[in-house]
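Listed here are the chains, written in short residue letters.
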Amino acid sequence: DGGITQSPKYLFRKEGQNVTLSCEQNLNHDAMYWYRQDPGQGLRLIYYSQIVNDFQKGDIAEGYSVSREKKESFPLTVTSAQKNPTAFYLCASSMQGTNTEAFFGQGTRLTVV
Amino acid sequence: KNQVEQSPQSLIILEGKNCTLQCNYTVSPFSNLRWYKQDTGRGPVSLTIMTFSENTKSNGRYTATLDADTKQSSLHITASQLSDSASYICVVSERQAGTALIFGKGTTLSVSS
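First, a word on what this report is: a plain description of the structure on this page. (Residues numbered from 1 in each chain as written. Chains lettered and ligands numbered in written order. Predicted model: local features only at pLDDT ≥ 70, side-chain atom pairs only at ≥ 80, totals over all residues. Heavy atoms only, no water.)

What to know about the overall build of chain B
Thought 1: A tally of regular secondary structure across chain B gives zero helices and eleven strands.
Thought 2: Along chain B, helices (α) and strands (β) appear in the sequence β-β-β-β-β-β-β-β-β-β-β when read from the amino end.
Thought 3: Relative to its length of 113 residues, chain B is compact, with a C-alpha radius of gyration of 14 Å against a globular reference of 13 Å.
Thought 4: With the C-alpha coordinates of chain B rotated into their principal frame, the extents come out at 45 × 30 × 20 Å.
Thought 5: Across the 113 residues in chain B, those meeting the buried criterion constitute 46%.
Thought 6: The contacts in chain B between residues at least 6 apart in sequence include a share of 56% that link residues at least 24 apart.
Thought 7: Surface exposure of chain B reaches about 5,400 Å², of which carbon and sulfur atoms provide 47%.
Thought 8: In chain B, which carries 10 positive and 8 negative side-chain charges, the distance between the mean positions of the two groups comes to 4 Å. (Helix = DSSP H or I, 4+ residues; strand = E, 2+ residues; numbered from the N terminus. Rg over C-alpha atoms; globule rule 2.2 N^0.38 Å. Buried < 20%, exposed > 50% of the residue type's maximum accessible area, 1.4 Å probe, protein only. Contact = heavy atoms within 4.5 Å. Areas by Shrake-Rupley, 256 points an atom, 1.4 Å probe, with all protein chains shown as cover. Lys, Arg positive; Asp, Glu negative; His and termini not counted. Charge placed at Lys NZ, Arg CZ, Asp CG, Glu CD.)

Things to note about the nonpolar core
Thought 1: Counting residues in hydrophobic clusters, the biggest one holds 25 residues, and the most contacted among them are Val4(B), Tyr25(B), Leu33(B), Trp35(B), Leu75(B), Tyr88(B) and Val92(B).
Thought 2: Of all elements in the fold, only β3 (19-25), β4 (30-38), β5 (45-51), β7 (62-67), β8 (72-77), β9 (86-94) and β11 (107-112) of chain B reach the threshold of two or more residues within this core.
Thought 3: Sequence-distant contacts of Tyr88(B), that is, excluding residues within four places in its chain, are made with Gln6(B), Leu21(B), Trp35(B), Tyr36(B), Lys37(B), Leu47(B), Tyr62(B), Leu75(B), Ile77(B), Gly106(B), Thr107(B) and Leu109(B).
Thought 4: In terms of nonpolar packing, the next biggest core, distinct from the first, is built from 19 residues, Leu21(A), Ile46(A), Val66(A) and Cys91(A) among them. (Core = buried A, V, L, I, M, F, W, Y, C linked by side-chain atoms within 4.5 Å.)

Side note on the state of the cysteines
Residues and elements named next belong to chain A.
Thought 1: Summed over the entire model, instances satisfying the criterion amount to two disulfides over all chains.
Thought 2: Here Cys23 connects covalently by a disulfide to Cys91, the sulfurs 1.9 Å from one another. The chirality of the disulfide connecting Cys23 with Cys91 is left-handed, given an S-S dihedral of about -75°. Separated by 68 residues along the polypeptide, Cys23 in strand β3 (residues 19-25) and Cys91 in strand β9 (residues 87-94) bring together distant segments of the chain.
Thought 3: Classification of Cys23 by relative accessible area gives buried; the value is 0%. (Disulfide = S-S within 2.5 Å.)

In structure tokens:
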């Protein structure tokens, strides 16, 4: 089955701890993205990567870090510097080009207590 | 500022009825417009994607229209079903920045029996 997989679906962490969210795709897509979704708001871009070993900050990158060591994987680390980390996180991937379809994972709901 | 505005914010209809969701945008230069369906706690799933030259596109009971002159789009749902209950998100892409997907806040549709 081709697709994009996020894990875990639910994640709980104590305040001050770093946490890493997994995103894997077997669609052979070059581009991968991380978005954050809060109630009543549109998705906001955290980081994106268009090629292995390269990534760019999105609109709300502060307090987050990523890596792109493999084409299939784009993990997101939520650091203790992120002031309000509790949210629904969505990973997406697409082929290169402006009119290509973006496929989303099922999301990870992170709760920091 | 590039923006995507959706209306109404929420909508309740009876099963079997039709409904229309609206999307207005100010994104320029325009590349394409997408409609996604997002079930609660899940990732968005693409319904349609339209480029500048396309006026209408259908996907089963979903029909999207685009007026690039007035920068308006609509999503029409015919003969609604309980499974249509979800959030519908309008997303506009900038032409010169393939990663720049600008998300609306979505319309929450509830279909009741």
